[in-house]
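A closer look at the structure
The residues making up each chain are set out below.
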Amino acid sequence: FCECGGLTNNFYSTSCPNAEKIVKKIISKHVANDATLPAKLLRMHFHDCFVRGCDGSVLIDSTAKHKAEKEAVPNLSLGGFEVIEEIKTQLEKTCPGIVSCADVLALAARDSVSFKFNKPMWEVETGRRDGIVSRESDALNELPSPASDFKTLKQSFADKGLSVKDLVVLSGAHTIGVGKCIVFSNRLYNFTGKGDTDTSLNTTYAATLRSKCRSLSDQTTTVEMDPTSSLDFDNHYFTALKLRQGLFQSDAALLTNDVARGVVDQMLTSGKFYTQFGKSMKKMGAIGVLTGDEGKIRKKCNIV
């Protein structure tokens, strides 16, 4: 028995025995055609779990009268919803009303990252049920900002039952994906309000970033979060961090605390990173889950 909020391995083994195979097959097809998908689904899973727990609430569409989590600024750049919907549609044909959207998202995030390794990179326990509430305001309040300092990040993760070690290790997800200039350009052009650059940024790296993000107000340009390999899930993020090449203030913040810095050093060994990332993802995937007769199983992931 695991302490994971009532989640178990192979929850669908009798009710929908092919559930996990179906997820994996559709994910593999899409990742083979789109190498940016793992970063998108990993981020979506994180944004789901940090708001009302891992309950699939990030997938719900807004209505005329109500703004859902999707409308919150940090979620406007999420992608991959159509892949989750495709999986859910197939699952509803195979075993109607059985597999939750929350579990689909947790499995899809794992399978997309695992695709190039040809083996599951972490264990996903299942049995989550879907939430029926999705509010823009919750996402604005709960999601950690890329401009956060260490104290804020530590508290934000502690509120979800995650340690400083989990914070550092999960930040390693920034080894894949891109960030919008608008999110960090104050570090390049106006860090303390005096038209200055953040001195914690490597100067060569800052110059490179300025060549891509041409102004403070660039809303469209994106930059790789890991300067050399933003499509490869590896531990290079930590190497870059030590070279003061963390893209966001929240990345650089990990070097401002002794405990966190110690974890960064441990993660320079790739085997340690993969093992610990798996453990921290398992913890994250169990945040505030609905199980048993809580919540519901949504027929479509974007509609309550």
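Conventions we followed
Residues numbered from 1 in each chain as written. Predicted model: local features only at pLDDT ≥ 70, side-chain atom pairs only at ≥ 80, totals over all residues. Heavy atoms only, no water. UniProt positions renumbered as here; feature names shortened; annotations may be inferred. Helix = DSSP H or I, 4+ residues; strand = E, 2+ residues; numbered from the N terminus. Rg over C-alpha atoms; globule rule 2.2 N^0.38 Å. Buried < 20%, exposed > 50% of the residue type's maximum accessible area, 1.4 Å probe, protein only. Contact = heavy atoms within 4.5 Å. Areas by Shrake-Rupley, 256 points an atom, 1.4 Å probe, with all protein chains shown as cover. Lys, Arg positive; Asp, Glu negative; His and termini not counted. Charge placed at Lys NZ, Arg CZ, Asp CG, Glu CD. Disulfide = S-S within 2.5 Å. Axes fitted to C-alpha atoms, helices over the stretch in contact; angles between N-to-C directions. Left-handed = near helix turned anticlockwise from the far one by under 90°. Nonpolar A, V, L, I, M, F, W, Y, C, P; charged D, E, K, R; others polar. Core = buried A, V, L, I, M, F, W, Y, C linked by side-chain atoms within 4.5 Å. Domains from an automatic or database assignment.

By the naming in an unreviewed UniProt entry, the protein is Peroxidase, taken from Erythranthe guttata. The UniProt entry for the protein carries the following text under Function (unreviewed entry): "Removal of H(2)O(2), oxidation of toxic reductants, biosynthesis and degradation of lignin, suberization, auxin catabolism, response to environmental stresses such as wounding, pathogen attack and oxidative stress. These functions might be dependent on each isozyme/isoform in each plant tissue."

With respect to the overall build of the protein
Summing up its helical and strand segments, the protein has 14 helices and two strands in all. On C-alpha atoms alone, the protein measures out to a radius of gyration of 19 Å, which is about the 19 Å that the 2.2 N^0.38 rule sets for 304 residues. By its C-alpha atoms, the protein is 60 × 45 × 35 Å across when sized along the principal axes. The buried share of the protein, reckoned over its 304 residues, is 50%. Restricting to contacts in the protein with at least 6 residues of sequence separation, those with at least 24 account for 75%. For the protein, the exposed area adds up to about 13,800 Å²; of that, 53% sits on carbon and sulfur atoms. Positive and negative side-chain charges of the protein, numbering 39 and 35 respectively, have mean locations separated by a distance of 2 Å.

Brief notes about the state of the cysteines
Scanning the entire structure with this criterion turns up four disulfides. Each sulfur of the disulfide joining Cys 49 and Cys 54 lies 2.1 Å from the other. On the sign convention where negative means left-handed, the S-S torsion of about 120° between Cys 49 and Cys 54 marks this disulfide as right-handed. A relative accessible area of 0% places Cys 54 in the buried class. Put simply, Cys 101 and Cys 301 are joined by a disulfide, and their sulfur atoms are 2.2 Å apart. With the S-S dihedral at roughly -95°, the linkage between Cys 101 and Cys 301 falls on the left-handed side. Here the residue Cys 101 occupies a position in helix α4 (residues 101–114), and Cys 301 occupies one in the segment after α14 (270–284), the gap between them amounting to 200 residues.

Let's talk about the packing of helix α1 (residues 19–33) against helix α3 (residues 81–94)
α3 packs onto α1 with a crossing angle of 145° between their chain directions and a minimal axis gap of 10 Å. Crossing of α1 against α3: the hand is right-handed. On α3, the residues that touch Ala 19, Ile 22, Val 23, Ile 26, Ile 27, Lys 29 and His 30 of α1 are Val 83, Glu 86, Ile 87, Gln 90, Leu 91 and Thr 94. Residue composition of the contact of α1 with α3, by class: eight nonpolar, three polar and two charged.

Some remarks on the nonpolar core
Grouped together as the largest cluster of nonpolar side chains are 70 residues, with contacts concentrated most on Leu 42, Met 44, Leu 59, Ile 84, Ile 87, Leu 91 and Phe 277. In terms of residue count, the dominant contributor to this core is α4 (seven residues). Composition of this core by domain shows at least three residues from each of domain 1 (18–143) and domain 2 (150–281). Apart from the residues within four sequence positions on either side, Ile 87 is in contact with Val 23, Ile 26, Ile 27, Val 104 and Ala 108. Listed in part, the 12 residues of the second largest apolar core include Phe 184, Leu 188, Cys 213 and Val 223.

A few points about the UniProt feature "binding site: substrate" (unreviewed entry) in the protein
As recorded in UniProt, the sites labelled "binding site: substrate" (unreviewed entry) are Pro 144. Mapped onto the secondary structure, Pro 144 falls in the loop between α5 (136–142) and α6 (150–158). Sequence-distant contacts of Pro 144, defined by excluding residues within four places in its chain, comprise Phe 46, Phe 50, Leu 153, Ser 156 and Phe 157.

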